[in-house]
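What follows is each chain in one-letter form.
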Amino acid sequence: MKKYKAYILFGAPGCGKGTQGRALGALPGFFHCACGDVFRAVPPTTSFGKRIAEYSSRGELVPDEITIQLWQNYLHNCTQTRSFSPKADRLLLDGIPRNISQARLLDQHVQVEAVVNFQCSNRFELVDRLHRRAVREHRLDDAKEEVILHRLDVFENATLALLSYYRPLPICAVNAQQSPTKVLFDILSHIQHL
Ligand code: ADP
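Cut-offs applied
Residues numbered from 1 in each chain as written. Predicted model: local features only at pLDDT ≥ 70, side-chain atom pairs only at ≥ 80, totals over all residues. Heavy atoms only, no water. Near = heavy atom within 4 Å. Polar contact = N/O pair within 3.5 Å; in protein donor to acceptor, adjacent residues only side chain to side chain. Areas by Shrake-Rupley, 256 points an atom, 1.4 Å probe, with all protein chains shown as cover. Helix = DSSP H or I, 4+ residues; strand = E, 2+ residues; numbered from the N terminus. Nonpolar A, V, L, I, M, F, W, Y, C, P; charged D, E, K, R; others polar. Buried < 20%, exposed > 50% of the residue type's maximum accessible area, 1.4 Å probe, protein only. Lys, Arg positive; Asp, Glu negative; His and termini not counted. Salt bridge = Lys/Arg side-chain N within 4 Å of Asp/Glu carboxyl O. Contact = heavy atoms within 4.5 Å. Disulfide = S-S within 2.5 Å. Pairing = 2+ DSSP bridges. Core = buried A, V, L, I, M, F, W, Y, C linked by side-chain atoms within 4.5 Å. Expected span 1.5 Å × (residues − 1). Arc of directions from axis to C-beta.

Draft legend 1. Representation of the site of the ligand within the structure. Around the ligand there are 19 residues in total, and E60, R98, Q102, R133 and R151 lie nearest to it. Within the contact set of the ligand, a nitrogen atom lies 2.9 Å away from a backbone nitrogen or oxygen of V62. Computed on the free molecule, the ligand has an accessible area of 560 Å², of which 95% lies beneath the protein chains in the complex. The element contributing the most residues to the shell around the ligand is helix 2 (residues 35-40), with 4 residues. A per-class count over the shell around the ligand returns 6 nonpolar, 5 polar and 8 charged.

This is the structure we're talking about:
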């Protein structure tokens, strides 16, 4: 099987990966794939949905095998329905991988070409954005401060190490504390040269 071409949208919860992923995914030749959205699409009354909620409501990562399996099924379905064309489209991976073990599993399916690193060193700003999103999007996992803080810890302890894992590849750093328009402009300025 040929591997999917992909860019990774990388950064802490609340850094704006979803906002930018949706904008870039509207361009021809890109397909935005947000792992959190894939999970949220699983009906919460099914046993799978209940297991996912167990982890996400605590701000924990869903186990790697479930995550990769769901992600693969989702892309398979999108290919079948032709919303995603593996030949023509480049994946914009948002929220996956979140640790080294997921990165290794993904390597079997994906050829990562670059990483867009959303930099936001201000924890208060991230917490504030997540609080606002909780209200706007009825996100239960962002409603409690302790869960938000735990998600930020998980990012620092498990996800951040991925930057070294992908170090041989182009890593495009963008300042995520700017306006969404300016962040988008900076990402496009980077990726036009890739
Ligand atoms: P954010 O955009 O704030 O990072 P997401 O919507 O991507 O949040 O993810 C919400 C929750 O879904 C996470 O806290 C986690 O429980 C689960 N999740 C999302 N992506 C993954 C993943 N790659 N591996 C394991 N769990 C994940």
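Draft legend 2. The arrangement of the side chain of K17 in detail. Looking at the element boundaries, K17 is found in helix 1 (residues 17-25). Although buried, K17 forms no salt bridge, and the nearest oppositely charged side chain, D94, lies 4.6 Å from it. Sequence-distant contacts of K17, defined by excluding residues within four places in its chain, comprise L9, F10, G11, A12, H32, D94, G95 and F118.

Draft legend 3. How the structure looks around the side chain of T67. Take T67: it is sitting in helix 4 (residues 64-80). A distance of 3.0 Å separates the side chain of T67 from the backbone oxygen of P63, its partner in a polar contact. Dropping the residues within four chain positions of it, T67 is found in contact with C35, F39, V62, I96 and Q102.

Draft legend 4. Spatial organisation of the state of the cysteines. As enumerated under the stated definition, the model contains 0 disulfides in all. Of all cysteine sulfurs, the one in C15 lies closest to C120, which takes part in no disulfide; the gap is 7.6 Å. For C120, a relative accessible area of 16% puts it in the buried group.

Draft legend 5. Focus on the pattern of salt bridges. For the structure on display, the rule yields 8 salt bridges. Notably, a salt bridge pairs D153 with R123, separated by 2.7 Å at the nearest N-O pair. Of this pair, D153 sits in helix 7 (residues 145-159) while R123 sits in helix 6 (residues 123-137), and the two are 30 residues apart along the sequence. Judged by relative accessible area, which is 32%, D153 ranks as partly exposed. On the basis of relative accessible area, R123 is assigned to the partly exposed category, the value being 29%. The salt bridge involving D128 is made with R132; its shortest N-O contact spans 3.0 Å. Taken together, the residues D128 and R132, both in helix 6 and 4 residues apart, mark about one turn of the helix. Classification of D128 as partly exposed rests on a relative accessible area of 38%.

Draft legend 6. Spotlight on the pairing of strand 3 (residues 90-94). Taking burial as the measure, the 5 residues of strand 3 include 4 buried ones, the bulk of the element. Here strand 1 (residues 4-10) pairs with strand 3 via 4 bridges, running parallel. Directly across from L9, in strand 3, lies its bridge partner D94. Relative to strand 3, strand 2 (residues 30-34) runs parallel, the two being bridged by 5 bridges. By the bridge assignment, C33 is partnered in strand 3 with L93.

Draft legend 7. Representation of the nonpolar core within the structure. In this structure, W71, L75, L91, L93, V110, F118 and I187 are the most contacted members of the largest nonpolar core, which totals 53 residues. Setting aside chain neighbours within four positions, we find I187 in contact with Q20, L24, V116, F118 and V174.

Draft legend 8. Structural context of helix 6. Between its first and last C-alpha, helix 6 extends 21 Å over 15 residues, near the 21 Å set by a 1.5 Å rise per residue. Listed in full, the buried residues belonging to helix 6 are L126, V127, R129, L130, R133 and A134. Along the axis of helix 6, the buried residues cluster in a sector spanning 165 degrees; they form a single face. Among the exposed residues of helix 6, those pointing more than 90 degrees away from its buried face are F124, V135 and R136. The backbone nitrogen of F124 has a side-chain oxygen 3.0 Å away, supplied by the residue at the start of helix 6, namely N122. Looking one or two places after helix 6, you find H138, whose phi comes out positive at around 50 degrees.

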